[in-house]
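Spelled out from the first residue to the last, the chains are:
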Amino acid sequence: MRIWSLLAAALAASLMSSADAAPRSADARLRALYSAEWSWREKQFAEDENANKPVVDHLPKVDAATQAARLSHWQTVAAELKTIPHDQLSPAEKENYDVYKPQLEALIA
């Protein structure tokens, strides 16, 4: 039984390393970008009433340093978004891109 676990782990590691070596598709890059940014954003702000998670016991930080850090983060994400070729996206991810880009622009503004 243990040998199968070791073989499965080795196969998974091999697949991950070969996937990392191959160029990622525009769809995969976009999904990774907006997924990471959303995860980061959820940590920045208090939960709302409709969230499935417990409401946090504090308000989000709004001091100048935190606001500057958020702005910098969103500017970095927007710059990365510009490197993803829109014409290489699938129709579904084109739609996600077209919604996400102005959302980032609004957050930056």
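Residues numbered from 1 in each chain as written. Predicted model: local features only at pLDDT ≥ 70, side-chain atom pairs only at ≥ 80, totals over all residues. Heavy atoms only, no water.

**Student:** Hey, could you run me through the packing of helix 2 (residues 26-44) against helix 3 (residues 64-82) in this one?
**Tutor:** The axes of two packed helices give the description: the angle between them and the distance between them. Across the interface, helix 2 lies against helix 3 with an axial gap of 10 Å and an inter-helix angle of 170 degrees. One finds that helix 2 runs roughly antiparallel with respect to helix 3. Side by side, helix 2 and helix 3 meet where Arg29, Leu30, Leu33, Glu37, Trp40, Arg41 and Gln44 of the first sit next to Thr66, Arg70, His73, Trp74, Val77, Glu80 and Leu81 of the second. Its residues placed into classes, the contact of helix 2 with helix 3 shows 6 nonpolar, 3 polar and 5 charged. (Axes fitted to C-alpha atoms, helices over the stretch in contact; angles between N-to-C directions. Helix = DSSP H or I, 4+ residues; strand = E, 2+ residues; numbered from the N terminus. Parallel < 35°, antiparallel > 145°, perpendicular 65-115°, else oblique. Contact = heavy atoms within 4.5 Å. Nonpolar A, V, L, I, M, F, W, Y, C, P; charged D, E, K, R; others polar.)

**Student:** Looking at this structure, how should I read the packing of helix 3 against helix 4 (residues 91-108)?
**Tutor:** Contact pair helix 3 / helix 4: the axes reach a minimum separation of 9 Å and the direction vectors enclose 150 degrees. With respect to each other, helix 3 and helix 4 are oriented roughly antiparallel. As helix 3 runs across helix 4, the sense of the crossing is left-handed. On helix 4, the residues touching Leu71, Trp74, Gln75, Val77, Ala78, Leu81 and Lys82 of helix 3 are Tyr97, Tyr100, Lys101, Leu104, Leu107 and Ile108. Residue composition of the contact of helix 3 with helix 4, grouped by class: 10 nonpolar, 1 polar and 2 charged. (Left-handed = near helix turned anticlockwise from the far one by under 90°.)

**Student:** It is not clear to me how the environment of aspartate 63 should be interpreted in this structure. Could you clarify?
**Tutor:** Turning to its location among the elements, aspartate 63 is positioned in the loop between helix 2 and helix 3. Reaching out from aspartate 63, the side chain makes a polar contact with the side chain of threonine 66 at a distance of 2.5 Å. (Polar contact = N/O pair within 3.5 Å; in protein donor to acceptor, adjacent residues only side chain to side chain.)

**Student:** I'm lost on the pattern of salt bridges in this one. Help?
**Tutor:** Opposite charge on two side chains allows them to pair when their charged atoms are near. One pass over the structure, following the stated rule, counts 4 salt bridges. Here arginine 29 and glutamate 80 are joined by a salt bridge, their closest N and O atoms 3.4 Å apart. Note that arginine 29 is positioned in helix 2 and glutamate 80 in helix 3, a separation of 51 residues in sequence. Among the residues examined, arginine 29 registers a relative accessible area of 22% and is labelled partly exposed. With a shortest N-O distance of 2.8 Å, glutamate 37 and arginine 41 are connected by a salt bridge. On the criterion of helical spacing, the pair formed by glutamate 37 and arginine 41 is a turn pair, its members being 4 residues apart in helix 2. On the basis of relative accessible area, glutamate 37 is assigned to the buried category, the value being 1%. Overall, arginine 41 belongs to the buried group, its relative accessible area being 12%. (Salt bridge = Lys/Arg side-chain N within 4 Å of Asp/Glu carboxyl O. Buried < 20%, exposed > 50% of the residue type's maximum accessible area, 1.4 Å probe, protein only.)

**Student:** Please clarify how the side chain of arginine 70 should be interpreted in this entry.
**Tutor:** When you line up the elements, arginine 70 lands in helix 3. Not counting residues up to four positions away in its chain, the partners in contact with arginine 70 are Trp40, Gln44, Phe45, Pro60 and Lys61.

**Student:** Looking at this structure, how should I read the nonpolar core?
**Tutor:** The nonpolar side chains of a soluble globular protein tend to be buried, and buried together. Leu30, Leu81, Ile84, Leu89 and Leu104 are the most contacted members of the largest nonpolar core, which has 13 residues in total. Elements with a minimum of two residues in this core: helix 2, helix 3 and helix 4. Ignoring sequence-local partners within four residues, the contact set of leucine 81 consists of Leu30, Leu33, Tyr97, Tyr100, Lys101 and Leu104. (Core = buried A, V, L, I, M, F, W, Y, C linked by side-chain atoms within 4.5 Å.)

The quantities given are spatial measurements derived from coordinates; they are silent on function.
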